[in-house]
Amino acid sequence: MAREWTGIQQFPLATQTKLLEILGTLKEKSRGSLTILVMGKGGVGKSSTVNSILGERVVAVSAFQSDVPRPVMASRERSGFTLNIIDTPGIVEGGYVNDQALQLIKRFLLNKTIDVLLYVDRLDSYRVDNLDKQIVKAITESFGKEIWRKAVVVLSHAQLTPPDCLSYDDFFARRSEAVLKVIDSGARLKRHELQDDSIPVVLVENSSRCSKNDNGEKILPNGTVWIPKVVETITKVATNESQSILVDQKLIDGPNANDRGKKFIPLILGFQYFFVIKQLQKWIENDIAKAPKSSWE
Ligand code: GDP
Ligand code: MG
């Protein structure tokens with residue numbers, strides 16, 4: 001099913017070597033495949049990031065109405081290792097989380113196992129708002145809180161000059177902090193639930209105008225060679241101590257779908273006892289009292 005990952009040859013040799021090394025470590029840990037789910041608002045660069053990582057134009061990208069209407073999975077194989085990346089449409093419409101879009105994504109994911117969630121937003125935004133929180137909440141309600149232990153935050157449009165004489169790294173730190181905070185509150189995560197370290201944040205610059213180093217590798221303003229860095233972070237999260245997320249019917253039906261009615265059972269039983277059984281008893285007792293005594297009595 002998976003196609004040969006030819007896109008890897010598009011990368012400069014130095015990047016290829018690093019990527020193959022990372023995949024090698026995964027195989028050492030006897031991981032034969034990796035499934036990455038990409039989510040976030042529309043137009044933030046989800047599809048572009050998928051293409052950048054694979055080194056191929058596998059999903060459509062456009063500046064306007066950039067979203068594919070349904071999820072798409074790209075599978076690529078390289079020396080016995082399979083990389084699956086699932087690109088999804090943005091789940092926001094008219095300022096709200098679109099439940100139908102979310103449902104479509106969940107159904108697409110049925111019986112798949114998510115090893116890593118890439119939560120994509122832009123580096124060059126200056127604020128987070130309630131909508132971001134709603135998206136995080138929707139993801140959490142769909143896949144459970146545990147999904148955030150398998151998450152990497154990706155900030156696109158990373159080739160920028162920070163305003164107000166902030167250094168690049170300071171700007172990155174502030175933007176990361178803001179996004180992580182909204183995730184914490186939207187997912188209602190408590191510090192200890194993230195274990196020792198919080199969700200890693202990586203930078204991405206999908207533009208063809210991204211600067212390059214002497215080896216021809218794409219670099220950020222702070223010099224980071226970002227493609228290997230992103231893939232390395234993904235594999236770290238994939239192999240951390242937390243379980244991957246299996247999307248089964250139970251998860252799709254929502255938490256406690258089966259239990260939802262259960263709390264009413266004692267109430268219903270109580271109701272039956274007082275209003276049905278008691279009444280019946282009363283009638284029977286009345287009948288007995290009213291019944292003419294038989295002669296043998
Ligand atoms: P999606 O809706 O989240 O899948 O976003 P797309 O990947 O379709 O990107 C939306 C628009 O933003 C397209 O015009 C992309 O070319 C552009 N874009 C995406 N990522 C970047 C980036 O890192 N830098 C720049 N400069 N443009 C980007
Ligand atoms: Mg897209």
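Residues numbered from 1 in each chain as written. Chains lettered and ligands numbered in written order. Predicted model: local features only at pLDDT ≥ 70, side-chain atom pairs only at ≥ 80, totals over all residues. Heavy atoms only, no water.

Once that is clear, we can look at the sheet that holds strand β9 (residues 151–156). The sheet built from seven strands is open, its strands ordered β1-β3-β4-β2-β8-β9-β10 with mixed pairing. Whereas interior strands pair on both sides, the edge strands pair on one side only; in this sheet they are β1 (3–4) and β10 (201–203). In the sheet, β1 pairs with strand β3 (residues 72–78) via two bridges, with the strands oriented parallel. Looking across to β3, one finds that E4 is bridged to E77. (Pairing = 2+ DSSP bridges. Helix = DSSP H or I, 4+ residues; strand = E, 2+ residues; numbered from the N terminus.)

All right, on to the site of ligand 1 then. By nearness alone, 19 residues border ligand 1, and G43, K46, S48, E205 and N206 come closest of all. Measuring from an oxygen atom of ligand 1, one finds a backbone N or O atom of G45 at 3.0 Å. The separation between an oxygen atom of ligand 1 and a polar main-chain atom of N206 is 2.8 Å. The fraction of the free accessible surface of ligand 1 (570 Å²) that becomes covered by protein chains is 82%. For the shell around ligand 1, the element with the most residues is helix α2 (residues 46–54), which contributes three residues. For the shell around ligand 1, the residue count by class is four nonpolar, 11 polar and four charged. (Near = heavy atom within 4 Å. Polar contact = N/O pair within 3.5 Å; in protein donor to acceptor, adjacent residues only side chain to side chain. Areas by Shrake-Rupley, 256 points an atom, 1.4 Å probe, with all protein chains shown as cover. Nonpolar A, V, L, I, M, F, W, Y, C, P; charged D, E, K, R; others polar.)

Before going further, it helps to spend a moment on the packing of aromatic side chains. Aromatic ring pairs are defined here through the distance separating the ring centres and the angle between the ring planes. For the structure shown, the criterion picks out three aromatic pairs. Here Y119 and W148 contribute two aromatic rings whose centre-to-centre distance is 5.8 Å and whose plane-to-plane angle is 70 degrees, an arrangement assigned as edge-to-face. Taken together, the positions of Y119 in strand β8 (residues 116–122) and W148 in the loop between α4 (130–143) and β9 put the pair 29 residues apart, joining distant regions of the chain. The exposure class assigned to Y119 is buried, which follows from its relative accessible area of 1%. Judged by relative accessible area, which is 2%, W148 ranks as buried. Measuring from centroid to centroid gives 5.8 Å for Y126 and F171, while their planes differ by 70 degrees, and the two rings are edge-to-face. Note that Y126 is positioned in the loop between β8 and α4 and F171 in helix α5 (residues 168–186), a separation of 45 residues in sequence. The class of F171 is buried, set by a relative accessible area of 6%. (Phe/Tyr/Trp six-rings, centres within 6.5 Å; stacked < 30°, edge-to-face > 60°. Buried < 20%, exposed > 50% of the residue type's maximum accessible area, 1.4 Å probe, protein only.)

Its 14 residues place the ends of α4 20 Å apart at the C-alpha level, agreeing with the 20 Å of an ideal helix rising 1.5 Å per residue. Listing the buried residues of α4 in full gives L131, D132, I135, V136, A138, I139, T140, S142 and F143. Two or three places before L131, at the opening of α4, D129 has a side-chain oxygen 3.0 Å from that residue's backbone nitrogen. G144, located one to two residues past α4, shows a positive phi value of around 90 degrees. (Expected span 1.5 Å × (residues − 1).)

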